[in-house]
Amino acid sequence: MKTKLTRQLESTLYQYCLEQGAYVVEEVSMPADKGIVDTLSYQQLPDGSLEWRCYELKVTKSDFHSKAKLSFIGNYNYFVLPQALYEEVADEIPSHIGVLIYRAFDQRALDLANQPLRAPGFLTVAKKAQHQDLQVEEGPLISHFIASLFREVDKAKRVKKGLQLYSEDQLYKELRKRARGGYNVYDPDKNLYDRFLADGQNDAITALQEELDARNAAYQALQLKYQALTQPDLREQL
């Protein structure tokens, strides 16, 4: 599970890459069994070639020392770190690997902003990355990049469509999970099932009342027509 700080680094880095004019996607599996990079971006250079950048996000020292493979296969490769962590591990970072430092916006900056900020903080370059040749073949890397983009688009479409994508069985299982705390007999309003049933009953009553009102209106209209046909004085008034 990603921590709150990891998500903040991720969203800030995404916005940073966009501002650099790059295409970007998170969690891309590398070809040739080179692991999974946290964030991968590329830009097309004036000569038509592509420039690839890999970013690994770390928020704790234990995370930095994780045995997970570092997928620094890009032309430029970076660690994205909080300031405090960078000060702890600076001597362990290889000379060709760059470092971006994350700093969160303070509350005063958030309050003074004219519009909602696109990221929770900003990045500064603490150490520039040195250029290296791409460590994998570019064709397969492009395919992996596109596959990851498709995954994100599919996730976004699922979120937009919401619960209609899930079967009744899946929804029922999720409801059961949320009810594991037991039934609260003293405060029924806190029970999901009671709320659902009450809303359903209210909807049913509303629908029946609307149907009844419509039938009454139709009955009144028919009654007026009948009276007009059978009572000459009323027919002249109508």
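Heads up: the structure comes first, above all this text.
Nothing here was measured: the structure is a model prediction, and the numbers come from that model.

## Considerations on unusual backbone geometry
Unusually for a residue other than glycine, Glu27 sits at a positive phi of about 55°. When you line up the elements, Glu27 lands in strand E1 (residues 23-29). Despite not being glycine, Ala32 shows a phi value in the positive range, around 60°. Considering the arrangement of structural elements, one finds Ala32 in the loop between E1 and strand E2 (36-44).

## Some words on the side chain of Glu10
Here Glu10 shows up in helix H1 (residues 4-19). Taking relative accessible area as the criterion, Glu10 reaches 17% and is therefore assigned buried. Look past the residues within four positions of Glu10 in its chain and what remains in contact with it is Lys2, Glu26 and Leu57.

## Some details on the sheet that holds E1
Read from one edge to the other, the open sheet built from six strands follows the order E1-E2-E3-E4-E5-E6, with strand pairing classed as mixed. With partners counted over all chains shown, the strands left at the sheet margins are E1 and strand E6 (121-127), one partner each. Averaged over all neighbouring strand pairs, the angle between strand axes comes to 30°, with direction disregarded. Sheet topology note: the strand E4 (residues 76-82)/strand E5 (residues 98-104) ladder contains five bridges and is parallel. Paired with Tyr78 across the strands is Gly98, a residue of E5.

## Examining the packing of aromatic side chains
Within this structure, the stated rule accounts for eight aromatic pairs. Taking the centre distance of 5.2 Å and the plane angle of 75° together, the rings of Tyr42 and Phe145 count as edge-to-face. Here Tyr42 is found in strand E2, whereas its partner Phe145 is found in helix H5 (residues 138-161), with 103 residues between them in sequence. On the basis of relative accessible area, Phe145 is assigned to the buried category, the value being 3%. Lying over the aromatic face of Tyr76, Arg53 brings its terminal NZ or CZ to 4.5 Å of the ring centre.

## Things to note about the environment of Tyr14
Structurally, Tyr14 can be placed in helix H1. Linking Tyr14 and Ala119, residues 105 residues apart in sequence, is a C-alpha distance of 8.6 Å. With near-sequence residues (within four places) excluded, Tyr14 lies in contact with Val24 and Glu26.

## Structural notes on H1
Within an α-helix, residues lying three or four positions from one another point in the same direction, as the helix has 3.6 residues per turn. Over its 16 residues, H1 extends 23 Å from the first C-alpha to the last, a length consistent with the 22 Å expected when each residue adds 1.5 Å. Taken residue by residue, H1 has Thr6, Leu9, Glu10, Thr12, Leu13, Gln15, Tyr16 and Cys17 as its buried positions. If you follow the buried residues of H1, they end up packed against E1, E2, strand E3 (50-57), E4, E5 and E6.

## Examining the nonpolar core
Ranked by size, the top nonpolar core spans 24 residues in total, and within it Met30, Leu40, Trp52, Phe79, Leu81, Ile93 and Leu141 carry the most contacts. Beyond its immediate stretch of four places on either side in the chain, Leu81 contacts Leu9, Lys58, Tyr86, Val89, Ile93, Val99, Leu100, Ile101 and Tyr102. Within the second largest apolar cluster, 16 residues are counted, among which are Cys17, Leu57, Val59 and Leu123.

Parameters at a glance
- Residues numbered from 1 in each chain as written.
- Predicted model: local features only at pLDDT ≥ 70, side-chain atom pairs only at ≥ 80, totals over all residues.
- Heavy atoms only, no water.
- Helix = DSSP H or I, 4+ residues; strand = E, 2+ residues; numbered from the N terminus.
- Buried < 20%, exposed > 50% of the residue type's maximum accessible area, 1.4 Å probe, protein only.
- Contact = heavy atoms within 4.5 Å.
- Pairing = 2+ DSSP bridges.
- Axes fitted to C-alpha atoms, helices over the stretch in contact; angles between N-to-C directions.
- Phe/Tyr/Trp six-rings, centres within 6.5 Å; stacked < 30°, edge-to-face > 60°.
- Lys NZ or Arg CZ within 6 Å of the ring centre and 35° of its normal.
- Expected span 1.5 Å × (residues − 1).
- Core = buried A, V, L, I, M, F, W, Y, C linked by side-chain atoms within 4.5 Å.

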